[in-house]
Amino acid sequence: MFGLFGRKGPSGFSYSSTAEDVTHGIDGTGLTAIVTGASAGIGVETARVLALRGVHVILGVRNTSTGEKVKEMIIKEASSSKIDVMGLDLGSKASIRKFASEFNSLSLPLNILINNAGIMGTPFTLSQDGIELQFATNHIGHFLLTNLLLENMKNAAHKSNIEGRIVNVSSDAHALSYHGGIRFDNINDKSGYNTIFAYGQSKLANILHANELSRRLREEEVSITANSLHPGAIVTNILRHHSFLNGIVTNLGKFILKNVQQGAATTCYVALHPQVRGVSGKFFINSNEATPSSQARDVDLAKKLWDFSLSLVHDS
């Protein structure tokens, strides 16, 4: 794999590259980005580095008081940073619709959408809208959010002649989904629920979503790209629902896992680097193109997921 143990891939970056490394010398002034889940982990670092490069960053966070603290931290480091905090719960269609409506009312052009927020390994739970929580938060929430913001992005790309970029933060755990990939017929079946497979299913959906969105945008000849990525195994609090595993990762992670600065690198690379201009429907690891699982490359599965997702976000 490119980038392992510091070996650089074709992009010139590697496993050990940081978000600051991959955006060095890039001027994002005039661009506006939304980063979901920007109150912890790689979301914070992604927002910080984008702001450092001059991007106006909107922190889409469930806890706005935590988001305000992140904003203060970023501005303390770089006083000229443009940061706004907006409430967003990806597990609630009402919250997503409210966020999108409020953002669109600001008359800000949206250039970059980073679908970063995620949960992992939760016990079986249904979202506020009655959808299995990992699938709802990691995929359906971002699917709806993207659709609601897409017209803004299309207008921004057309008026500015600057390519829009949609970035789905997935995981190599997408290969650990249920048999068949997506449980279309029993997405909310508690008896067959497995915490790891459910997470893998949601991450597989992130890739399929980006791929199908990319195909549709190409058909429309719109200057917006859609890509997905694996940020790497990172020391964050995403394993909080598995105390034993979380303890192992916390204690040993500094020796074998990426730190947050490295973990945010691929996201920032795909969102901002000129090398990725015009590249769409691809999967990235360590700031280099990579090949996901065969299911993640299944065009028919991606189309089926798109239709299924539309049925879940449709308000009856």
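Residues numbered from 1 in each chain as written. Predicted model: local features only at pLDDT ≥ 70, side-chain atom pairs only at ≥ 80, totals over all residues. Heavy atoms only, no water.

Asker: What is the right way to read the nonpolar core from this model?
Answerer: Nonpolar side chains tend to gather and get buried jointly when the protein is soluble and globular. Ranked by internal contacts, the top residues of the largest apolar core, which has 44 residues, are Ile34, Leu113, Phe135, Leu149, Ile166, Ile182 and Leu305. Elements that contribute at least two residues to this core include exactly α4 (93-104), α5 (133-160), α6 (195-220), β6 (224-230), β7 (283-285) and α10 (299-313). Top element by residues in this core is α5. It accounts for ten residues. Within the second largest apolar cluster, 38 residues are counted, among which are Leu50, Val57, Val61 and Val70. (Core = buried A, V, L, I, M, F, W, Y, C linked by side-chain atoms within 4.5 Å. Buried < 20%, exposed > 50% of the residue type's maximum accessible area, 1.4 Å probe, protein only. Helix = DSSP H or I, 4+ residues; strand = E, 2+ residues; numbered from the N terminus.)

Asker: I would appreciate a short explanation of the pattern of salt bridges in the present structure.
Answerer: Where charged atoms of side chains with opposite charge meet at close range, the side chains can pair. Throughout the structure, instances matching the rule amount to nine salt bridges. One salt bridge connects Arg48 with Glu77, and the closest N-O pair in it is separated by 2.7 Å. On the criterion of sequence distance, the pair formed by Arg48 in helix α2 (residues 41-52) and Glu77 in helix α3 (residues 64-77) is long-range, its members being 29 residues apart. Put simply, Glu220 and Lys154 hold a salt bridge, and the shortest N to O gap is 2.8 Å. Here the residue Glu220 occupies a position in helix α6, and Lys154 occupies one in helix α5, the gap between them amounting to 66 residues. Take Glu220: its relative accessible area is 46%, and that puts it in the partly exposed class. Assessed through its relative accessible area of 19%, Lys154 is described here as buried. (Salt bridge = Lys/Arg side-chain N within 4 Å of Asp/Glu carboxyl O.)

Asker: Teacher, can you tell me more about the packing of α2 against α3 here?
Answerer: For any two helices packed against each other, one specifies the inter-axial angle together with the distance between the axes. It is at 10 Å that the axes of α2 and α3 come closest, and there the two elements cross at 35 degrees. Like other packed secondary-structure pairs, α2 and α3 cross with a definite hand, here right-handed. Here Val44, Ala47, Arg48, Ala51 and Leu52 of α2 come into contact with α3, specifically with Val70, Met73, Ile74 and Glu77. Per-class residue counts for the contact of α2 with α3 are seven nonpolar, no polar and two charged. (Axes fitted to C-alpha atoms, helices over the stretch in contact; angles between N-to-C directions. Left-handed = near helix turned anticlockwise from the far one by under 90°. Contact = heavy atoms within 4.5 Å. Nonpolar A, V, L, I, M, F, W, Y, C, P; charged D, E, K, R; others polar.)

Asker: Help me out: how do you make sense of the pairing of β6 in this one?
Answerer: When a strand is regular, its side chains alternate between the sheet's two faces. Within β6, seven of the seven residues are buried, which leaves it mostly tucked inside the rest of the structure. Bridging between strand β5 (residues 164-169) and β6 involves six bridges; their strand directions are parallel. Note that in β6 the partner of Arg165 across the bridge is Thr225. Regarding topology, α6 serves as the crossover connection from β5 to the parallel β6, and that connection is right-handed. Strand direction decides the pairing type here: β6 and β7, joined by three bridges, are parallel. Directly across from Ser228, in β7, lies its bridge partner Phe283. (Pairing = 2+ DSSP bridges. Right-handed = clockwise from strand over helix to strand, strands pointing away.)

The values are spatial; any link to function lies outside them.
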